[in-house]
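A closer look at the structure
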Amino acid sequence: MPVIQLVAGKRVLQQHAEQPKSVGEVANDIKIIDQASALEEMMRDHAIQAHRLNHSAVSATHCEKCGDNLPEARRKAYPGCTMCVECQSNMELRKKIGRM
Ligand SMILES: [Zn+2]
């Protein structure tokens, strides 16, 4: 769901919080709130990650896991990156699961 839609949905929920609702409306509200919360968490994590980046670090030219070429856009966006998006995502997912 696009960010603008989630933000607008959250605003509508805040404006109509006191009005009586059906079970379906409440379920939909909960879904929107969950999505907005997930989005906020993702944006916060991204902001923290961007803040922590060492902007003078040198990025690898190839993924250390699979050997694929690292696109210039990724090398610039994440200075010091050593893995492609897929390998990095898999590693982060494994870390996350390991903590659960
Ligand atoms: Zn890779």
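Everything numeric here is computed off the predicted structure, so don't read it as measured data.

Quick word on the overall build of the protein chain
Looking only at helices and strands, the protein chain has 4 helices and 0 strands in total. Listing every helix and strand of the protein chain by position from the N terminus yields α-α-α-α. For 100 residues, the compact-globule estimate of 2.2 N^0.38 gives 13 Å, and the C-alpha radius of gyration of the protein chain, at 19 Å, exceeds that figure by more than 25%. Going through the 100 residues of the protein chain one by one, you find that 3% of them count as buried.

Considering the UniProt feature "zinc finger region: dksA C4-type" (unreviewed entry) in the protein chain
As annotated in UniProt, the feature "zinc finger region: dksA C4-type" (unreviewed entry) corresponds to residues 63–87 in the numbering used here. Across residues 63–87, helical content stands at 36% and strand content at 0%; the span's end C-alpha atoms are separated by 8 Å.

A few points about the confidence of the model for the protein chain
When pLDDT is averaged along the protein chain, the result is 87; 95% of the residues meet or exceed 70. Across the protein chain, element-level confidence peaks in helix H3 (residues 72–77) with a mean pLDDT of 93 and bottoms out in helix H1 (residues 3–15) with 74.

Considering helix H2 (residues 23–52)
Three- or four-residue spacings in an α-helix give side chains the same orientation, since the helix completes a turn every 3.6 residues. Look at H2: 43 Å from first C-alpha to last across 30 residues, which is about the 44 Å you get at 1.5 Å a residue. With 0 of 30 residues buried, H2 lies mostly on the surface of the structure.

What counts as what
- Residues numbered from 1 in each chain as written.
- Predicted model: local features only at pLDDT ≥ 70, side-chain atom pairs only at ≥ 80, totals over all residues.
- Helix = DSSP H or I, 4+ residues; strand = E, 2+ residues; numbered from the N terminus.
- Rg over C-alpha atoms; globule rule 2.2 N^0.38 Å.
- Buried ≥ 20, exposed ≤ 12 C-beta atoms within 10 Å, placed from the backbone.
- UniProt positions renumbered as here; feature names shortened; annotations may be inferred.
- pLDDT = per-residue confidence, 0-100.
- Expected span 1.5 Å × (residues − 1).

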